[in-house]
Amino acid sequence: PSHLRITSDVPGLTGAWEIGVNYALETTDAEIIIISNDDVVFSDEFFRQFISNGIDHHPQKDMRIFGPLSNGQEGYFWQKSNMPKPYRLEESKNMVNGFCFALTRNCIEMIKSQNNGLLFDHTKKWGGNEEVFQQNIKSFGVTPVIIHHAWLKHYKIHGWKTNKLR
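Residues numbered from 1 in each chain as written. Predicted model: local features only at pLDDT ≥ 70, side-chain atom pairs only at ≥ 80, totals over all residues. Heavy atoms only, no water.

(A) Expanded view of the overall build of the protein. Helix and strand counts for the protein come out as five helices and five strands. Relative to its full complement of 166 residues, the protein shows a buried share of 45%. Excluding contacts between residues fewer than 6 apart, the proportion of contacts in the protein whose partners are at least 24 apart in sequence is 78%. With an accessible surface of roughly 8800 Å², the protein has 53% of that area assigned to carbon and sulfur atoms. (Helix = DSSP H or I, 4+ residues; strand = E, 2+ residues; numbered from the N terminus. Buried < 20%, exposed > 50% of the residue type's maximum accessible area, 1.4 Å probe, protein only. Contact = heavy atoms within 4.5 Å. Areas by Shrake-Rupley, 256 points an atom, 1.4 Å probe, with all protein chains shown as cover.)

Laid out in structure tokens, this is it:
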């Protein structure tokens, strides 16, 4: 499958991310893994700009976390835009928003090897987990990159906030 949706309340958002990433690592040969909310709509053009014209061209892609521009960046003004911008891969001092981010397989495997086999910190099950994650991976030398020419509509449904299971 091209995507996997985890709907269990037990692992929380962070646990669902871990399950999905592990599934992708174990069952595919994907070199790039995108973690996203379920309230975005991907297009071929997005994948072309984000992966083929973005991540694949970064000389240190195995030591980066990548995020697109979007309309729905609450508090992440450096990623907020109503449309894609001219071609630019920006090394950022800021974090990428957790609604959609990508890592290479090599980067994920390096993080897990230095983090007791886990990618994420499971103590923060719901909101704010992308900040905890990025603070942790920064200590391993992984830095954020904003891909300005890749734009993704974020509908901001926030189902994880209103989920009856939570």
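Next comes the rest of the write-up.
(B) Highlighting unusual backbone geometry. Its identity as a non-glycine residue notwithstanding, Asn116 has a phi of 55°, on the positive side. Here Asn116 lies in the loop between helix H3 (105-113) and helix H4 (129-138). Residue Asn116 is classed as exposed on the basis of its relative accessible area of 78%.

(C) Main features of the pattern of salt bridges. Considering all chains together, one arrives at five salt bridges under this definition. The salt bridge involving Arg48 is made with Glu45; its shortest N-O contact spans 3.0 Å. Of the two residues, Arg48 and Glu45 both sit in helix H2 (residues 44-52), three residues apart, roughly one turn of that helix. The exposure class assigned to Glu45 is partly exposed, which follows from its relative accessible area of 41%. (Salt bridge = Lys/Arg side-chain N within 4 Å of Asp/Glu carboxyl O.)

(D) Quick look at the packing of aromatic side chains. Scanning all chains against the criterion turns up eight aromatic pairs. Aromatic side chains Phe42 and Phe46 sit 5.5 Å apart centroid to centroid with 45° between the ring planes, which places their arrangement in the tilted category. A relative accessible area of 30% places Phe42 in the partly exposed class. Taking relative accessible area as the criterion, Phe46 reaches 3% and is therefore assigned buried. Members of the aromatic cluster, joined through ring pairs, are Trp17, Phe101, Phe120 and Phe133. (Phe/Tyr/Trp six-rings, centres within 6.5 Å; stacked < 30°, edge-to-face > 60°.)

(E) Inspection of the nonpolar core at higher detail. One finds Val21, Ile65, Phe101, Ile111, Phe120 and Phe133 to be the most contacted residues of the largest nonpolar core, which totals 24 residues. Only helix H1 (12-27), strand E1 (32-36), strand E2 (64-70), strand E4 (100-104), H3 and H4 provide two or more residues apiece to this core. By residue number, the principal contributor to this core is H1, which donates five residues. Contacts of Phe133, omitting those with residues within four sequence positions, involve Ile65, Phe101, Leu103, Ile111, Leu119 and Phe120. Judged by nonpolar contacts, the second largest core, of 14 residues, contains Ile32, Cys100, Ala102 and Ile147. (Core = buried A, V, L, I, M, F, W, Y, C linked by side-chain atoms within 4.5 Å.)

So yeah, pure geometry; function would need other evidence.
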